[in-house]
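As a plain string of letters, each chain reads:
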Amino acid sequence: MNSYDDKGVGEGVGEGAGGGAGGGVSGEREAVAGPVARNGPEVRTVPEPRTDPGLRNDPGPLADPGPRADAGPLTGDGPRVGMAGLSLPYQVVAAVALSVIGLIACIQLAMVFLHVAPSNTLTKQHGEAVDQWIYPEFEQNWKLFAPNPLQQNIAVHVRAEISGPDKRRTTSWMSLSGEDGKAIRGNLLPSHVQQNQLRRGWDFYLGSHDSQNRANGLRGRLSEQYIRRIVMLRLSEHDYGGDVLRIQIRSEVRSVAAPAWSDEKISTKPSYRVLPWWTVTAADLPKGSADSEEADQ
């Protein structure tokens, strides 16, 4: 250490003694730099930061508190959300459930489309499968490319002949369609029985009888039994103070009025189709009722 210092000092002195230009520059540099500590680390002074009086004092960045205990699992970009935040088994279950729901939705759309579409090769080959899927819950009352909206309001009425304690009496006309309408209005989930049973039964009867109410073969007699059972099922919900001996059914048809902006003139007067009196038998009574058990005995 000392030899190195002495050598440096000697060289500096020798150059100064020679009186050369190099010695003068060296002495000038030494005067500017000042004394240098030879035996310790070099000390550098750090300039103080300038303070702007127009700015408020910033306490500086706070220490990072680290991830919160309630935070979810983190990725490189932030917390995972949705299915990505689930564990692997739950992700598999969710993916399978979504796939099943999507598959069922696609099948439903395809079946409804084939049901309302015109006759084609698929409906001819798989029409039975389509009908089994659609009926009765997803029944559609229209056809694709050829909609035929109803232009009439049809109501089914019934009256009954009751055997009272003294004599027979006939009730007034009761609107079965009106009762179904009351049950449907305001009901978020009306049953298909309330919506379609009476209407489809009456359509079945009209399609299997002529204008003189004569049955067209076996379907006509079957439709009569069906409509009579529907009527007796509805009458069993009312107490008339006696047994129902006979029933009579009629339909009331009213055309839908034209809209206010139309100049079309449509008569809304009702027209009636009255069926003959039918004598009630044991086959017409609801199964399990007291009257049905007595008739069977």
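Located above this text is the structure these notes cover.
Looking only at helices and strands, one finds 8 helices and 6 strands in the protein chain. Its helices and strands in sequence order give the protein chain the pattern α-α-α-α-β-β-β-α-α-α-β-β-β-α, from N to C terminus. The buried share of the protein chain, reckoned over its 297 residues, is 20%. Taking contacts inside the protein chain between residues at least 6 apart in sequence as the whole, the part at least 24 apart equals 56%. Of the accessible surface of the protein chain, which amounts to about 22,700 Å², a share of 56% is contributed by carbon and sulfur atoms.

Taken as a whole, the largest pocket encloses approximately 650 Å³ of empty space. What lines the largest pocket is a set of 25 residues, among which Leu150, Ile154, Ser177, Gln195 and Arg199 lie closest to the centre. Those elements that provide at least two residues to the lining of the largest pocket are strand S1 (152-163), helix H5 (176-184) and helix H6 (192-207). Residues of the lining of the largest pocket, tallied by class, amount to 6 nonpolar, 14 polar and 5 charged.

Turning our attention to the packing of aromatic side chains. Counting across every chain of the model gives 2 aromatic pairs. A ring pair is formed by Trp202 and Tyr205, whose centres lie 5.5 Å apart and whose planes are at 20°; its orientation type is stacked. Of the two residues, Trp202 and Tyr205 both sit in helix H6, 3 residues apart, roughly one turn of that helix. Judged by relative accessible area, which is 2%, Trp202 ranks as buried. Considering the side-chain rings of Tyr205 and Trp278, the 6.2 Å spacing of their centres and the 70° angle between planes classify their relative orientation as edge-to-face. Taken together, the residues span a long stretch of sequence, with Tyr205 in helix H6 and Trp278 in strand S6 (residues 278-279) at a distance of 73 residues.

How each quantity is defined
Residues numbered from 1 in each chain as written. Predicted model: local features only at pLDDT ≥ 70, side-chain atom pairs only at ≥ 80, totals over all residues. Heavy atoms only, no water. Helix = DSSP H or I, 4+ residues; strand = E, 2+ residues; numbered from the N terminus. Buried < 20%, exposed > 50% of the residue type's maximum accessible area, 1.4 Å probe, protein only. Contact = heavy atoms within 4.5 Å. Areas by Shrake-Rupley, 256 points an atom, 1.4 Å probe, with all protein chains shown as cover. 1 Å grid on protein atoms, 1.4 Å probe; cavity = no way out; pocket = protein on both sides within 12 Å on 5 of 7 lines; lining within 4 Å. Points joined across faces, edges and corners; volume = space filled by probe spheres on them. Nonpolar A, V, L, I, M, F, W, Y, C, P; charged D, E, K, R; others polar. Phe/Tyr/Trp six-rings, centres within 6.5 Å; stacked < 30°, edge-to-face > 60°.

Distances and angles like these do not, on their own, reveal function.
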